[in-house]
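# Understanding the architecture of this molecule
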Amino acid sequence: MFNYVLDRLKSSIVVLFVVSIITFFVLMIIPGNPAQLILGADATPEAIQELHAAMGLDRPLYQQYFSWLLDLLKLDMGKSYVYGESVTVLIAKSIPVTFSISIFAMIMAAFIAFLFGMISAIKKDSIADYFSRSIMQLGAAIPSFWIGMVFIVYFGVRLKIFPVSGFVPLEENFFRFIKSITLPSLVLAIGEVGTLLRIIRSSMLDSLKQDYMDMARVKGLSSFKIYIKYALRGALTAPLTIIGMQFAKLAGGTVVVETIFALPGLGRLVLTAVEHRDIVLLQGLVMFVTSTVIIITLIVDISVMFFNPRVKSFQQGEL
Amino acid sequence: MRINISLILGIILVLIIIAVWVLSFVYLPYPPNEMNIPNKFLKPGIESEHILGTDNFGRDILSRIIYGSRNVLLVAISSVTLGALLGIFLGALAAMERFADTIIMRIMDGLMAFPGILLAMMLVTVMERGIKGSIAAISIFMVPVFSRLVYSMILETEALLYIKAAKSYGSSRRQIFIRHYIPAMLPRLITQFTSAIGSAVMIETSLSFLGLGIQPPYASWGLMLSESRQFFLGYPYLAVAPGIAIIITVLGFNLIGDGLNDILINRGNSDE
Amino acid sequence: MKKIIAILLIAMLISACTAQENTPEKADVKTELTMGYTTEPEGLDPHRTAAASTFTVTNNIFDTLVGVTPQWEIVPRLAKEWVISDDGMEITFSLRDDVYFHNGRQMTAKDVEYSFNRLKDAESPRARDYENIVKIEVLNDYEIKFITAALDVELLKSFVYPWAAVVPEEEVANLKTEPVGTGAFTLEEWVPQQHLILKRNENYYGDEIKLETVKMVLIPDATGMMAGFQVGDLDIIPLTGDQVTMIEGNENYKIISEPMNAVQIMSLNTKNEYLSNEKVRQAMAMAINKDEVIEASMFGYGAKIGSHLPPTSPDYYDTNNIIEYNPEKAKELLKEAGYENGFEIDMSLPKNYQLHVDAGQVIADQLGRIGIKVNIQLVEWGTWLSEVYGAKNFDTTVVGHTGRLDSYAFLSRYKSDSNDYISLTTGEVDVLLEEALKELDENKRKEIYKDIQVILANKLPAIYLQTPHTMLALQKNVEGMKIFPIDFYDYKDVYLTE
C-alpha cells in the first residue's frame, strides 16, 4: 500500500515534468513577438530589440526553460505582460471564482446524478429509468453556451431572479455570492451529469448484486436501509474517482461559461493570455491548472485506495 | 431491451445526420456562402423563401446547415481516426516493447493532464487555425485516450491462455497481434471510437466559440452558433438550427457508444 | 447523510431565490456611475502602452497639458496658456499653479519635463512621434518651453493625446498597476478581468465633479452587456448597430452617436504581384459595394469615404465619386490588366474587431463575384501587429486607423519612404506632404490636403471603406457624457439626475 503511494507520487512528479516541458516549448513556438506586442504598432525596431533582450528572450531556449523552472519552484511565475501584475497574484485572485463554480457544479451534478442514478438502478428498466437516462444524455449533448445564454435571458433578464453576469465574492455577501454562481454552475453541472449518472448507475447495479446485499435482505432490513447503508457505500468508489477526475477537468474547462457570465476566473484569464500573446501568464496558468489536475487525481486515487483495498487491482489495470 | 433502445435511437439520429451530409452533395436551396445583405435577418417561416431564415449577411440558414454537416463530420471523423490510429500504435508499442513503455505512457499521462480545451487552445494557437488546426488539435487530444485503452487491453489479453499457447507455437508477434489481439480489442475500440466522435463535435463547437476553430466564411455549425451569439437578444432564432444540429449529432454518437458499451459490459456481466 | 445535504442545498437555493436585494435607498441623486466595457486595459501606464483600452481609463486619472472638445477645439488643461514662436519651432506653456498629484505633491514644470523625457525613451511605444522635440527647457516652476528640430505646424496637437500625460517621477515604478496622476479621478480599485473603480479626486483643480465614483465593469459578451443594461445594472454601454433597434423608441433610454475620428480601410500590399498593378486595385475598388459593407458591419451607422481622412476632420474633402461602384466595369478592368480569370489572394483580419471581420467577409464575397478568390484568415491582434503591421507579411487586410487630430498624422504613412505597412511607393504625395507640414496658412494647407486625398483616391494604396459611428446607450438619467475625437471617455462632466 505504501509502495503504491510512493509509486504514484513518483510518476506524478515525472508527469509534472513532462507537462512543464510541453507547456514551455509549445508556447515558445507561438508566432508573434511579445516585445513588439507590448510596444505596439509605432515602436522602432531598435526599441523592440532592446525590450526583447531586456526580457531575456534572447537567451537559448533551454536556458530560458531552466530559469523558468527554477522560478516556478519558488512559486514565482513572472510578471504578466498585459496586467503588469505578478502571475501568481493574478492566478490567486482568479482561483476563488473558478473553484467556486466548479465545486458548486460538482455538488449539483453529484446530487442530481446520485438521486437519479439510484432510482435508475433500483428501478431498472422502468419508465423512470429511461426517462432519467435520456434527460441526462441530452444534457451532455447541449453546447454549454447555448444553455448559458438561454438561462441569462430567461432567468436573468426576464425573471430577474439571478444576476446576468459578474461575480460576487463570498466575503462580500453570502446570498449574493450563491446567486452569482448558481446559473454558471448549473450550466456546468448539466454537462457533467450524464457521465456521472452512468457510472453511478452501473456501480449501484454491481453493488446491488453483491453477497452482502442478500445477507441484508435475509436479515430482514427495510429496503431503505439496504439501499442507503449498504448498496451505496459499496457503490461509492467508482463515482468518487470520476467526480475527482471530472472536477479536475472542470477546473480547466470553464472558459466558455466564464466568458458568457463575465466571471473573472482562470478560464477567462487563459483566453486573455492567449489573445494577447501573454506568454508568461499563459505558461503559469497552464502549469497551475495541469498541476492541480495531477494533484487532485493523485489524492483521489490514494483516498479511494484507503476506502477500498479491493480496488487496488482495479486502479492499476484500468483507465 | 434497454440497450437496444439506446443503440437504435443513436443509429437513427446518426443516420439523419448522414442523410443531411449526403443531401449536401445533391441539393442545396442556395449557395451556402452567398451573401445577400438587403435580405439579412429574415425570420424563418414555412411560406418564406428561406425556411430557416437568413443570417446577418443574408445567407440562407438551411443551406448552411446542410453544407455545414460536411465540415463538422470531416473534422470529427478525421481527427478521431488520426488520433485513434496514432494512439493505437503508441499504445501497442508501449505494451509490447519494454523500453518504450515508461516513456510513452508518461507522455500520455502528461497529455491527459491537460484539460481538453486548454490543450486544444494551446495547440491551435501554435498551428494554423482553421480546419487543419482543429483536426490536428483534436486528434492530439484523442491520442492518449486510445493509447491507454489499447495499452491496458493488450496487457490484459497477454495473460490469456490462448495467447500463451500461440506464442509457444512460435507464431510471429505480428501474426499474434493481427489474428488474436485485434479481434479481441475491436469491440471496445469501436465503442470508444463512436463516443470520441461525439466528444470531437463538442470540442469543435467550443473551439469555434472561442474563435479558434473553422474560420469564416465557411459554414460550420459551431461557427454558426458562435456567430449567433452577438445577436442573441435581438434575433434568437439564429442559434436554434445549428444548436439542434449539434445536439442531434453529439447525442446520436453518444447513444451509439452507450448502447455498444452496454452490450459489451453485459456480455461479461450477467446483469440481465 | 445524502438526504441531509440535499435538504440543506434545497433550503439554500430557495432562500437565495427569495432573499431581498440590498437596494440602496433612492432618496438622493445617485453619484455612482456604472459603465460596461469590453476590453481590458493593458496596464494603466500611459507611457508604456499603445492600447486604446488603456487610454479610455487613464484619461481620467492623468492630465495632459491641453485638452480637446468634441468640436475639435484645443482647450487649456494643465497649461493655462501657450505661445508659439513666429517660426513655429518653439512652444512655451504657462502651467497652472494649483495642480496636485494624487499623492499630495504639487505639480511643477519639472514634472512635465520628466514626463516628456519618459514619453520619448526607448520603452515608450510613442517615442517616435515625439522625436521632433529635441530640447525641453524648464524656464521656471510654471513655465516650460519645447523646441523642435523641424517645423511642425500641428505641434500643439501632439500635446493633446492621452499618452502625453504628466506623471510623478517617484511613482513610476508601479504606474502600470498603481497609477498616480493629476486627473479628476483616482484609481480606487482594479480587479483584473472584473472591474475598475475610479474615485473622485477631491483636490482636483478644475470644475466641480459631480460623480463620486465610476465603476467600469468588464463584460466581454454583447448579450451580457445588453442584458446588464436592460436590468439597470449598467448606466452606459457601448452599442453595436444591431442592438440599436432594441433601444431606440424606448423612453427609458438614450442613444448618443457620433461619427468616429477614424477610417476603416482595406490595406493593400503593393508588393504583391497582383496588387502592384494599379488597374487591379481600381478594379477591386469598383467591385466593392461600400453601402453593403456599412450595412453589414455597422448596420448602416457609418459614412462612406473615398480617401484616408474621416468626414469629421476639418481638412476632409469628399472623394466618394472618384471610384464608382460598377462590378461589370471592374471585370473589364481586370481583363485589361490581364487577369480575365481572376486570381487568389489572402486577407488577414484582426479577430477581436468584429467590425473589420464583418466588413472583410462582405468584401471577400463581393470580390469573389468578379473572379478574385479571397482566403480569409482571422488572426489575433498580437499576430496582426507583428505579422501584418510589423513584418508586412500580408496581401490584404481590413483595419481601422484612429484618433489623430491633425491630418498629417493620418497621412504621413503614405510617404514613399515611410517604411510603414502601407504607403504610396510611387511617391506622388511626397512633396505635398512635405509642404503641408510647413504651410502655416490654414487655407493653403487645406488645399494641399485636398490634393493628397484626391491622389490617394485615385491611386488606391488602400481601398477606403467608411468612417463608423461610435454609439453609446445611456439610461435616461445620465447627462454630460460626450464623445470626443480621440478614443477615450471623460467622466468629469458626467452626472446623474433623479
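Residues numbered from 1 in each chain as written. Chains lettered and ligands numbered in written order. Predicted model: local features only at pLDDT ≥ 70, side-chain atom pairs only at ≥ 80, totals over all residues.

### A word on the overall build of chain B
Selection criterion: Secondary structure follows DSSP: runs of H or I at least 4 residues long count as helices, runs of E at least 2 residues long count as strands, and numbering of each begins at the N terminus. Burial in this document is a count-based property: other C-beta atoms within 10 Å of a residue's C-beta are tallied, and the residue is buried at 20 or more, exposed at 12 or fewer, or partly exposed in between, with C-beta positions derived from the backbone. Throughout, a residue-residue contact means that the two C-beta atoms, derived from backbone geometry, are no farther apart than 7 Å.
A tally of helices and strands in chain B yields nine helices and zero strands. Secondary structure elements of chain B, listed N to C terminal, follow the sequence α-α-α-α-α-α-α-α-α. Going through the 272 residues of chain B one by one, you find that 54% of them count as buried. The contacts of chain B with a sequence gap of at least 6 include a subset with a gap of at least 24, amounting to 70%.

### Digging into the overall build of chain C
The condition is simple: Note that the radius of gyration is over C-alpha atoms, with the globule rule given as 2.2 Å times the number of residues to the power 0.38.
Along its length, chain C carries 13 helices and 20 strands. For 498 residues, the compact-globule estimate of 2.2 N^0.38 gives 23 Å, and the C-alpha radius of gyration of chain C, at 25 Å, lies within 12% of that figure. In terms of principal-axis extent, the alpha carbons of chain C reach across some 75 × 75 × 45 Å. By residue count, 47% of the 498 residues in chain C fall in the buried class.

### What about the interface of chain A and chain B?
Counting from both sides, the interface comprises 38 residues of chain A and, opposite them, 36 residues of chain B. Residue assignment for the side of chain A that touches chain B shows that the elements contributing at least two residues are α1 (2-28), α6 (127-141), α7 (144-158), α11 (237-252), α12 (255-260), α13 (266-275) and α14 (279-307) of chain A. A total of eight residues in the side of chain A that touches chain B trace back to one element, the largest contributor, which is α1(A).

### Quick look at the packing of α1(A) against helix α3 (residues 98-113) of chain B
This is how it is decided: Every angle, taken between N-to-C directions, lies between 0 and 180 degrees, and every axis is a line fitted to C-alpha atoms, over only the stretch in contact when it is a helix. Angles are sorted into four bins: roughly parallel if under 35 degrees, roughly antiparallel if over 145, roughly perpendicular if 65 to 115, and oblique for all others. Less than a right angle of anticlockwise turn of the near helix away from the far helix marks a crossing as left-handed, whereas a clockwise turn marks it as right-handed. Gly is placed with the polar residues, together with every amino acid not listed as nonpolar (Ala, Val, Leu, Ile, Met, Phe, Trp, Tyr, Cys and Pro) or charged (Asp, Glu, Lys and Arg).
The interhelical angle for the contact between α1(A) and α3(B), taken along N-to-C directions, is 70°, at an axis separation of 8 Å. In terms of orientation, α1(A) and α3(B) fall into the roughly perpendicular class. In terms of crossing hand, the pair formed by α1(A) and α3(B) is right-handed. Facing α1(A), whose interface residues are Ser11(A), Val14(A), Val15(A), Val18(A), Val19(A) and Ile22(A), α3(B) presents Arg106(B), Ile107(B), Asp109(B), Gly110(B) and Ala113(B). Here the residues of the contact of α1(A) with α3(B) sort into seven nonpolar, two polar and two charged.

### A word on the pairing of strand β13 (residues 262-268) of chain C
Residue and element names in this part refer to chain C. Under the convention used in this document: Strand pairing is assigned whenever DSSP detects at least two bridges linking the two strands.
With seven of its seven residues buried, β13 lies for the most part within the structure. Of the two faces of β13, the one holding Ala-262, Gln-264, Met-266 and Leu-268 and the one holding Val-263, Ile-265 and Ser-267 are both buried throughout. Note that β13 and strand β17 (residues 396-402) share seven bridges and pair antiparallel. Looking at the pairing, Val-263 lines up with His-401 of β17. Bridge count for β13 against strand β18 (residues 462-475) is four bridges, and the pairing is antiparallel. The partner of Ile-265 across the bridge, within β18, is Tyr-464.

### Side note on the confidence of the model for chain B
Residues and elements named next belong to chain B. Here is the rule: The predictor's confidence in any single residue is recorded as pLDDT, a number from 0 to 100.
The predicted model of chain B averages 79 in pLDDT, with 85% of residues at 70 or higher. Here helix α6 (residues 161-169) is the element of chain B with the lowest mean pLDDT, 64, and helix α2 (residues 61-96) is the one with the highest, 88. With pLDDT under 50 throughout, residues 268-272 is counted as low confidence; its partners more than four residues away or in other chains account for three contacts.

### Observations concerning the nonpolar core
Within soluble globular proteins, side chains that are nonpolar generally end up buried alongside one another. The criterion, for reference: In this usage, the nonpolar core is the set of buried Ala, Val, Leu, Ile, Met, Phe, Trp, Tyr and Cys residues whose C-beta atoms join them within 7 Å.
The biggest cluster of nonpolar side chains holds 223 residues, and the ones touching the most others in it are Ala109(A), Ala113(A), Val270(A), Leu285(A) and Ala120(B). Per-element accounting of this core gives the leading share, 17 residues, to helix α5 (residues 87-122) of chain A. If we skip the residues at most four places from it in the chain, Ala113(A) touches Val193(A), Leu196(A), Leu197(A) and Ile200(A). Core analysis: the second largest hydrophobic core is formed by 68 residues, Ile37(B), Ile363(C), Tyr414(C) and Tyr464(C) among them.

### Comments concerning α5(A)
Spelled out, the test is: Expected helix span is given by 1.5 Å per residue-to-residue step, counting one fewer step than there are residues. The bend reported for a residue corresponds to the angle between axes fitted to the seven residues ending at that residue and the seven starting there.
With 36 residues, α5(A) should cover 52 Å at 1.5 Å per step; its first-to-last C-alpha distance of 50 Å lies within 8% of that length. The largest bend along α5(A) reaches roughly 35° and is located at Ser94(A), with the proline Pro96(A) sitting one to four residues downstream.

### Comments concerning unusual backbone geometry
In this model, Phe41(B) sits at a positive phi of 55°, which is unusual for a non-glycine residue. Although it is not a glycine, Leu460(C) sits at a positive phi angle of roughly 55°. Summarising the element assignment, Leu460(C) is placed in the loop between α13 (442-459) and β18.

### Quick notes on the sheet that holds strand β5 (residues 90-95) of chain C
Residue and element names in this part refer to chain C. Strand order across the open sheet formed by four strands is β4-β5-β7-β6, with antiparallel pairing between neighbours. At either margin of the open sheet sits one strand with a lone partner, and together these are β4 (79-84) and β6 (133-140). Strand-to-strand twist across the sheet, computed as the mean angle between neighbouring axes with direction ignored, equals 20°. Where β4 and β5 come together, five bridges link them in antiparallel fashion. Bridge assignment links Ile-84 to a residue of β5, and that residue is Ile-91. The strands touched by helix α3 (residues 109-119) are β5, β6 and β7 (143-148); relative to β6, the strand with the most contacts, the crossing angle is about 170°.

### A short note on the pairing of β17(C)
Here strand β15 (residues 343-350) of chain C runs beside β17(C); their pairing, made up of two bridges, is parallel. For Ser348(C), the partnering residue across the bridge sits in β17(C) and is Thr397(C).

### Structural notes on the environment of Thr54(B)
Residue and element names in this part refer to chain B. Its place among the elements puts Thr-54 in the loop between α1 (2-26) and α2. On the basis of neighbour count, Thr-54 is assigned to the buried category, with 26 C-beta atoms found within 10 Å. Not counting chain neighbours up to four residues away, the residues in contact with Thr-54 comprise Asn-39, Lys-40, Phe-41, Leu-42, Arg-59, Asp-60 and Ile-61.

### Thoughts on helix α2 (residues 52-61) of chain C
Judged by how many residues are buried, α2(C) sits mostly within the fold: eight of ten residues are covered. Looking at the buried positions of α2(C), the neighbouring elements they touch are β8 (185-191), β9 (195-200) and β10 (213-218) of chain C.

### Regarding the confidence of the model for chain C
Residue and element names in this part refer to chain C. Per-residue confidence for chain C gives a mean pLDDT of 86; residues scoring 70 or more make up 94%. Low pLDDT, under 50, characterises residues 15-27; the stretch is placed with six contacts to residues that sit more than four places away or in other chains. Interface confidence in the predicted complex, given as ipTM, is 0.74; pTM for the same model is 0.77.

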